[in-house]
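A closer look at the structure
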Amino acid sequence: MTNLKVPAALLAASLVIAACSEKASPLAEEVEAVSVPGAPPEGAEELVARGAQASDERQSDELVEFAYAYPVEAARIAKLAAWLDNDRETKREALIAAARRDRTAAEKGGFPYRQHSHLQKWERVTDTPRFLSLSSEIATYTGGAHGMLSFDSLIWDRTRARLLRPMDLFTSSDAFDRAAKDDLCARLNKAKERKGIEWDRSADGPFGECPVPSAQTVWIGSSDGKHLDRLTIAIAPYEVGPWAEGSYRVNLPMSRAIVDAVKPEFAREFLPLN
């Protein structure tokens, strides 16, 4: 498929859907960055694509706006790059198919079609000798009143040459939830207060429940490039408040309780907060 050139600012705007107010994504809660310089692995046994470069695919026409990028650290791992390339094309095809259906419906209904979009960028969270941890923000628009922001997370395990999700590192989602929920609720409440929002925790309130940690997007990072000792939970709009409230990125301490919930095969990769 031919990639058409779009403005360079497409992904530089933090993947916020721009151009008009009805496409604008809500502002995310500002917290300290989870990404830190990591220590690139030496002598990794995985199949490495020598001379690989970061991938940045873009397309824009009257039907769709599409962008998908991933960093050079991911491009160097052949299996991971192949997975990301397949994910990119799957999402591009799904976007185009949905856009064509909606454009046909708009023409039949006599109302204007609005360009659909999917803007996604994978970034390195950390790069340790065993793990490459990636985070992603995804901005989408399908013709409604406003766009939507969501998140994703991937971990490449060099030891086993396999792709993992964060919960794969823990004995169970329930174990992770028990270890993380209290800290998440307390820090989310403070994040809301910084926005001037009083959290209605009443049982009959639409957003009264504290979110389940494992049901959100979990980003795992490192401060020393060797051990996993940082944890961020990304919460999309509508999860804990109306769309206008925006999204949240809540940093949690890598507590002893969280580390105790890690599977034995990964335990030595984690470093709890003292």
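Numbering of residues starts from 1 in every chain and runs along the sequence as written. Local features in a predicted model are, by the rule used here, given only for residues with pLDDT of at least 70; side-chain atom pairs are given and counted only at 80 or more, and totals for whole chains, interfaces and linings are based on all residues. Note that water and hydrogens are dropped before the side-chain values are worked out from all heavy atoms of the structure.

Under an unreviewed UniProt entry, the name given to the chain is DUF3298 and DUF4163 domain-containing protein, and the source organism is Sphingopyxis jiangsuensis.

With that out of the way, let us pick up the overall build of the chain. Assigned secondary structure in the chain consists of five helices and nine strands. A run of H or I in DSSP counts as a helix once it spans at least four residues, and a run of E counts as a strand once it spans at least two, with each numbered from the N terminus. What you see in the chain, going N to C, is helices and strands ordered as α-β-β-α-α-β-β-β-β-α-β-β-β-α. For the chain, the residues scored as buried account for 48% of the 274 residues in total. Residues count as neighbours in contact if any of their non-hydrogen atoms are within 4.5 Å of one another. Counting only contacts in the chain whose residues sit at least 6 apart along the sequence, the fraction spanning at least 24 positions is 65%. Residue-level accessible areas treat just the shown protein chains as cover; the underlying method is Shrake-Rupley with a 1.4 Å probe. Carbon and sulfur atoms form 50% of the exposed surface of the chain, whose accessible area is close to 13,700 Å². The cut-offs for exposure are 20% and 50% of the maximum accessible area for each residue type, with area from a 1.4 Å probe on protein chains only; residues under the lower value are buried, those over the upper are exposed, and the others partly exposed.

Next up on the list: the pairing of strand β1 (residues 55-60). At least two DSSP bridges between two strands are needed for those strands to be called paired. Note: β1 against strand β2 (residues 64-70), six bridges, orientation antiparallel. Each residue of the ladder has a partner; that of Ser60, found in β2, is Glu65. Counting the residues between successive antiparallel strands, the hairpin from β1 to β2 contains three residues.

The subject of this paragraph is the state of the cysteines. Disulfides are covalent bonds that connect the sulfur atoms of two cysteines. By definition, disulfides here are pairs of cysteine sulfur atoms that lie within 2.5 Å. The tally for this structure, following the rule as stated, stands at one disulfide. Sulfur-sulfur distance for the disulfide between Cys185 and Cys210 comes to 1.8 Å. Here Cys185 and Cys210 share a disulfide; its torsion about the S-S bond, -120 degrees, makes the bridge left-handed. Highlighted residues: Cys185 in helix α4 (residues 173-194) and Cys210 in the loop between α4 and β7 (217-221), separated in sequence by 25 residues.

Moving on: the sheet that holds strand β9 (residues 248-253). Judged by pairing direction, the sheet is antiparallel, and its three strands sit side by side in the order β7-β8-β9 without closing on themselves. Looking at strand neighbours, the two that pair on one side only are β7 and β9, the edges of this open sheet. Each strand of the sheet is rotated relative to its neighbour by a mean of 25 degrees, with strand direction disregarded. Note that strand β8 (residues 230-235) and β9 share six bridges and pair antiparallel. What sits directly across from Arg230, in β9, is Pro253. Each of β7, β8 and β9 touches α4; the most contacted strand, β9, lies at about 125 degrees to it. Geometry is summarised by axes, namely lines fitted to C-alpha atoms with helices restricted to the contacting stretch, and by angles between N-to-C directions that run from 0 to 180 degrees.

What follows concerns the nonpolar core. We call a set of buried Ala, Val, Leu, Ile, Met, Phe, Trp, Tyr and Cys residues a nonpolar core when their side-chain atoms join them within 4.5 Å. In terms of nonpolar packing, the biggest core is built from 33 residues, with Leu169, Phe170, Ile220 and Phe270 touching the most fellow members. Contributions of two or more residues to this core are made by α4, β7, β8, β9 and α5 (256-260). In this structure Phe270 touches Leu169, Phe170, Leu228, Met254, Val259 and Val262, once residues within four positions along its chain are discounted. One finds Leu80, Ala81, Trp122 and Leu154 within the second-largest nonpolar core, a separate group that totals 19 residues.

This next bit is on unusual backbone geometry. Backbone geometry at Ala161 places phi at a positive 50 degrees, although glycine is not the residue there. The residue Ala161 is located in the loop between β5 (148-157) and β6 (162-164) in this model. Residue Tyr238 is not a glycine yet carries a positive backbone phi of 80 degrees. Summarising the element assignment, Tyr238 is placed in the loop between β8 and β9. Tyr238 gets classed as partly exposed once you look at its relative accessible area, which sits at 41%.

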